Amino acid sequence: MSQYSLTALRPIDPTSENTEHAHSPAGGDMLLLERFQNGEDAAFVELFDRHHQRLFIYCLKMVGEREQAEDLTQELWERVLRLRASPQKILNPVGFFLKIARNLSINHLKARRHHVPLTSLPEGLHPAEREGGRSELEERILTSLELLSFEHREVLILNIYCGYRMEEIAVMLGKSPEAIWKRASRARTQLRRMVTKG
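Remember, it's a predicted structure, so these values are computed and weren't measured experimentally.

(A) Spotlight on the pattern of salt bridges. If you walk through the whole model with that rule in mind, you get 10 salt bridges. Its salt-bridge partner being glutamate 34, residue lysine 89 comes within 2.5 Å of it at the nearest N-O pair. Highlighted residues: lysine 89 in the loop between helix H3 (66–81) and helix H4 (93–112) and glutamate 34 in helix H1 (residues 26–37), separated in sequence by 55 residues. Given the relative accessible area of 24%, glutamate 34 is considered partly exposed. Note that arginine 50 is salt-bridged to glutamate 46, the shortest N-O span being 3.3 Å. Taken together, the residues span about one helical turn, with arginine 50 and glutamate 46 both in helix H2 (residues 41–63) at a distance of 4 residues. According to the relative accessible area criterion, arginine 50 is buried, its value standing at 15%. Within the structure, one salt-bridge network assembled from shared partners comprises Asp29, Glu46 and Arg50.

This is the structure we're talking about:
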């Protein structure tokens, strides 16, 4: 098989009403975080609603276990809650959340001392998997995805599974958009070679 489309695996439809806040300006998140740190609980709830599902999917794809991903995202939000006790100015809240999720995921993988396959997504989590399950090609892509380096896997997970645009990923990771596009291009090339080889 010489051609395949990673977009077939996109789990989140950017046009769906469930993601209407997904691409909100960073300034909006910054103001929400400030309002929360100033005592407004509803601001925390809105931040949670905007970002929890994607952060959960990120952790799930990184560690490969639903229960562990739930624990990691819970720990992430507990750390955010603790900001109220020692408020700080955070200009890029989504990048801040992602950094926590990444560090928690890396620490979990190190503690576990072995790599768990990234194919253990719960049934029905992604629209592409709701009818008839995953195809053989999708299974091959998921198996190959776990063989990529952490950085290459991460950028594809953030784009394909979490639905973030490359420009947003660049802001979250503190990189230039050009650097992220190059990283994603290399990752896709490597993934394509692995899949077509199988």
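That shown, we press on.
(B) Summary view of helix H7 (residues 166–173). In terms of burial, H7 is a largely internal element, 6 of the 8 residues being buried. When H7 is considered as a whole, its buried residues turn out to be Met166, Glu168, Ile169, Ala170, Met172 and Leu173. In the stretch just after H7, glycine 174 is the one whose phi turns positive, near 70°.

(C) Main features of the packing of H7 against helix H8 (residues 177–197). Look at H7 against H8: their axes get within 8 Å of each other, and the N-to-C directions meet at 110°. Classified by the angle between their axes, H7 and H8 sit roughly perpendicular to one another. For the pair H7 and H8, the sense of crossing is right-handed. In this structure, H7 uses Met166, Glu167, Ile169, Ala170 and Leu173 to contact H8, whose residues at the interface are Pro177, Ile180, Trp181, Arg183, Ala184 and Arg188. Broken down by class, the residue content of the contact of H7 with H8 amounts to 8 nonpolar, no polar and 3 charged.

(D) Representation of the nonpolar core in the model. Counting 50 residues, the largest nonpolar core has Tyr58, Leu76, Val80, Val155, Leu156 and Ile169 as the members making the most contacts within it. Elements that contribute at least two residues to this core include exactly H1, H2, H3, H4, helix H5 (136–145), helix H6 (150–161), H7 and H8. For this core, the element with the most residues is H2, which contributes 11 residues. In contact with leucine 76, not counting residues within four places along its chain, are Leu55, Phe97, Ile100, Ala101 and Leu104.

(E) Representation of empty space enclosed by the protein within the structure. Tallying each qualifying case throughout the model produces 1 cavity of 30 Å³ or more. In this model, the largest cavity occupies a volume close to 40 Å³. The residue inventory of the lining of the largest cavity, partitioned by class, reads 7 nonpolar, no polar and 1 charged.

Calculation criteria
Residues numbered from 1 in each chain as written. Predicted model: local features only at pLDDT ≥ 70, side-chain atom pairs only at ≥ 80, totals over all residues. Heavy atoms only, no water. Salt bridge = Lys/Arg side-chain N within 4 Å of Asp/Glu carboxyl O. Helix = DSSP H or I, 4+ residues; strand = E, 2+ residues; numbered from the N terminus. Buried < 20%, exposed > 50% of the residue type's maximum accessible area, 1.4 Å probe, protein only. Axes fitted to C-alpha atoms, helices over the stretch in contact; angles between N-to-C directions. Parallel < 35°, antiparallel > 145°, perpendicular 65-115°, else oblique. Left-handed = near helix turned anticlockwise from the far one by under 90°. Contact = heavy atoms within 4.5 Å. Nonpolar A, V, L, I, M, F, W, Y, C, P; charged D, E, K, R; others polar. Core = buried A, V, L, I, M, F, W, Y, C linked by side-chain atoms within 4.5 Å. 1 Å grid on protein atoms, 1.4 Å probe; cavity = no way out; pocket = protein on both sides within 12 Å on 5 of 7 lines; lining within 4 Å. Points joined across faces, edges and corners; volume = space filled by probe spheres on them.

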